[in-house]
Amino acid sequence: MSTEKTNQNGLAASAPAAAARHAIPTYPPPESESEESWVWAQIKAEAHRDAESEPALASFLYATVLSHNSLAFSLAFHLANKLCSSTLLSTLLYDLFLQSFSSKPSLISAVVADLLAARHRDPACVSFSHCLLNYKGFLAVQAHRVSHLLWAQHRRPLALALQSRIADVFAVDIHPAARIGKGILLDHATGVVVGETAVIGNNVSILHHVTLGGTGKAVGDRHPKIGDGVLIGAGATILGNIRIGEGAKIGAGSVVLIDVPPRTTAVGNPARLVGGKDKPARHDDVPSESMDHTSFIQEWSDYII
């Protein structure tokens, strides 16, 4: 007699055969397989595992992940249900997200890069499906990518309406005109604010309550430009049309009003460069990937003394 059982949602439950069938692939993906298809296979395997171990989530996991044929369909469905309201219907949003992902394949490439970034950099991210379903920073960035596309298409009232819903639901406020690269981690994400002319490069990690803002009522290009590989600590405020160089690190709680050279660290209020502005200390690692928030502390203490 078979040991395989089926729960009320029609999902196989806990049998060895089911476990083998839904085994989670190992990293890295084989060379013959694209990262997108590999990550999607991971997500489906994780969803099967979680549905079998926690029946209370089985219906949600089936509707959001297991019933869909691709990452684009799953993400469009999930975002639509997260961001809908009584006047902004989920069916409208689903069509909008799916059409955007289908018409611009680079959006899904960025989604995959962001999933990989969260899984590799955040020790609290236990699975790709956990990030896809539960990480509001990840979801806010993906929704912003669509609002940015709408902005570029001159559908600006809808782009701004979507920005408003993203801010309401995820507590992340990113202007639709802001440009964001891929491999982005918004860790915790609550209170992140990104202004209209801000630019964020690739492989950047930003913690909660970070502001990339202007300095007043000036119009035009007035927001920060963040280079690739930058790490911005919790509560940091970066103001004005200044440049944070590639691989730089901004300490938690800093208020940055000056350019920060590549591979250096800025700390304090107002922020100063560790080692001094004439010969700032430089690091070799990529801080957005190492997520090292404290290595500069001793050197900073020596400098200010």
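Residue positions are given per chain, counted from 1 along the sequence in the order it is written. Only residues with pLDDT of at least 70 get local features here, since the model is predicted, and only at 80 or more are side-chain atom pairs given and counted; chain-wide, interface and lining totals rely on the full set of residues. Side-chain measures here rest on the full set of heavy atoms in the structure, leaving out hydrogens and waters.

(A) View of the nonpolar core. Grouped together as the largest cluster of nonpolar side chains are 83 residues, with contacts concentrated most on Phe 97, Phe 101, Leu 115, Ile 232 and Ile 244. Helix and strand assignments follow DSSP, with helices taken as H or I runs no shorter than four residues and strands as E runs no shorter than two, numbered in order from the N terminus. The element best represented in this core is helix α8 (residues 136-152), accounting for nine residues. Beyond its immediate stretch of four places on either side in the chain, Ile 244 contacts Lys 225, Ile 226, Gly 227, Val 230, Ile 238, Ile 250, Val 256, Ile 258 and Val 260. For the purposes of this section, nonpolar cores are sets of buried Ala, Val, Leu, Ile, Met, Phe, Trp, Tyr and Cys residues that join through side-chain atoms within 4.5 Å. Only protein chains enter the area calculation, which uses a 1.4 Å probe; residues under 20% of their type maximum are buried, those over 50% are exposed, and those in between are partly exposed. Here a residue-residue contact requires only that any non-hydrogen atoms of the pair lie within 4.5 Å.

(B) Here's a closer look at the pairing of strand β16 (residues 265-268). Each pair of strands is called paired provided DSSP finds at least two bridges between the two strands. The pairing of strand β14 (residues 249-250) with β16 spans two bridges and is classified as parallel. Paired with Lys 249 across the two strands is Thr 265, which belongs to β16. Relative to strand β17 (residues 271-273), β16 is paired through three bridges, and the arrangement is antiparallel. Bridge pairing in β17 links Val 267 to Arg 272. Between β16 and β17, which pair antiparallel in sequence order, lie two residues.

(C) Up close: the layout of surface pockets. Volume-wise, the largest pocket comes out at about 270 Å³. The pocket and cavity definitions rest on a 1 Å grid over protein atoms only: a 1.4 Å probe that fits but cannot leave marks a cavity, an open set with protein on both sides within 12 Å along at least five of seven lines marks a pocket, and residues lining either have an atom within 4 Å of a point. Lys 104, Ser 106, Leu 107, Arg 145 and Ile 180 are, among the 14 residues lining the largest pocket, the residues nearest its centre. Secondary-structure elements contributing two or more residues to the lining of the largest pocket are α6 (105-121), α8 and β4 (179-180). Lys, Arg, Asp and Glu make up the charged group, whereas Ala, Val, Leu, Ile, Met, Phe, Trp, Tyr, Cys and Pro make up the nonpolar group; the residues left over, Gly among them, are polar. In terms of residue class, the lining of the largest pocket is made up of five nonpolar, five polar and four charged. Grid points are joined across faces, edges and corners, and a volume is the space filled by probe spheres set on the points.

(D) Structural detail: empty space enclosed by the protein. A full pass over the atoms with the stated rule returns one cavity of 30 Å³ or more. Here the largest cavity is characterised by a volume of approximately 40 Å³. Residue lining of the largest cavity: Asp 114, Ala 118, Cys 131, Tyr 135, Gly 137, Phe 138, Ile 184, Leu 185 and Leu 186, and that is the complete set. Elements with a minimum of two residues in the lining of the largest cavity: α6, α8 and β5 (185-187). Grouping the amino acids of the lining of the largest cavity by side-chain chemistry returns seven nonpolar, one polar and one charged.

(E) Expanded view of the packing of helix α5 (residues 90-103) against α8. The axes are straight lines fitted to the C-alpha atoms, using for helices just the contacting stretch, and the angles between their N-to-C directions are given from 0 to 180°. Closest axis-to-axis distance for the α5/α8 pair is 10 Å, and the angle between their directions is 80 degrees. Viewed along their axes, α5 and α8 adopt a mutual orientation that is roughly perpendicular. Each of Leu 96, Phe 97, Ser 100, Phe 101 and Ser 103 in α5 lies in contact with α8, whose residues at this interface are Ala 143, Val 146, Leu 149 and Leu 150. Of the residues belonging to the contact of α5 with α8, the class tally is seven nonpolar, two polar and no charged. Roughly parallel refers to an angle under 35 degrees, roughly antiparallel to one over 145, roughly perpendicular to one between 65 and 115, and oblique to any angle outside these ranges.

(F) View of the pattern of salt bridges. Basic side-chain nitrogens of Lys or Arg form a salt bridge, by our definition, when they fall within 4 Å of a carboxyl oxygen of Asp or Glu. The full count for this structure, using the stated rule, is five salt bridges. The salt bridge partner of Arg 222 is Glu 196, with a shortest N-O separation of 2.8 Å. Remark: Glu 196 occurs in the loop between β6 (192-194) and β7 (199-200) and Arg 222 occurs in the loop between β9 (211-213) and β10 (225-226); sequence separation between them is 26 residues. Of the residues examined, Arg 222 reaches a relative accessible area of 23% and is grouped as partly exposed.

(G) Expanded view of the packing of aromatic side chains. Pairing of aromatic rings covers Phe, Tyr and Trp, the last counted by its six-membered ring, and requires centre-to-centre distances within 6.5 Å; plane angles under 30 degrees mean stacked, over 60 mean edge-to-face, and any other angle means tilted. This model, assessed by the stated rule, comprises two aromatic pairs. Ring plane angle 20 degrees and centroid distance 6.5 Å describe the contact between Phe 97 and Phe 101, whose orientation is recorded as stacked. With Phe 97 and Phe 101 both in helix α5 and four residues apart, the pair spans about one turn of that helix. Note on Phe 97: relative accessible area 0%, which makes it buried. We classify Phe 101 as buried; its relative accessible area is 4%.

(H) Representation of α5 in the model. Given a helix with a known number of residues, its expected span is that number minus one, times 1.5 Å. A rise of 1.5 Å per residue sets the reference length of α5, with its 14 residues, at 20 Å; its end C-alpha atoms lie 20 Å apart and thus fit the reference within 8%. Of the positions making up α5, those classed as buried are Leu 93, Leu 96, Phe 97, Leu 98, Ser 100 and Phe 101. In this structure, the buried side of α5 is in contact with α4 (71-83), α6, α8 and α9 (156-170).

(I) Up close: the packing of α8 against α9. Two elements in contact, α8 and α9, have axes separated by 8 Å at closest approach and are oriented at 170 degrees. Viewed along their axes, α8 and α9 adopt a mutual orientation that is roughly antiparallel. Of α9, the residues touching α8 (which contributes Lys 136, Leu 139, Ala 140, Ala 143, His 144, Val 146, Ser 147, Leu 150 and Trp 151) are Arg 156, Leu 158, Ala 159, Leu 160, Leu 162, Ile 166 and Phe 170. Its residues placed into classes, the contact of α8 with α9 shows 12 nonpolar, two polar and two charged.

(J) Here's a closer look at the confidence of the model for the chain. Summary statistics for the chain give a mean pLDDT of 90 and a share of 86% for residues scoring 70 or more. The low-confidence segment residues 1-5, where pLDDT is below 50, has 10 contacts with residues more than four positions distant or belonging to other chains. pLDDT is defined as a per-residue confidence score from the predictor, taking values between 0 and 100. pLDDT under 50 marks residues 12-21. Its contacts with residues more than four places away, or in other chains, come to 15 contacts.

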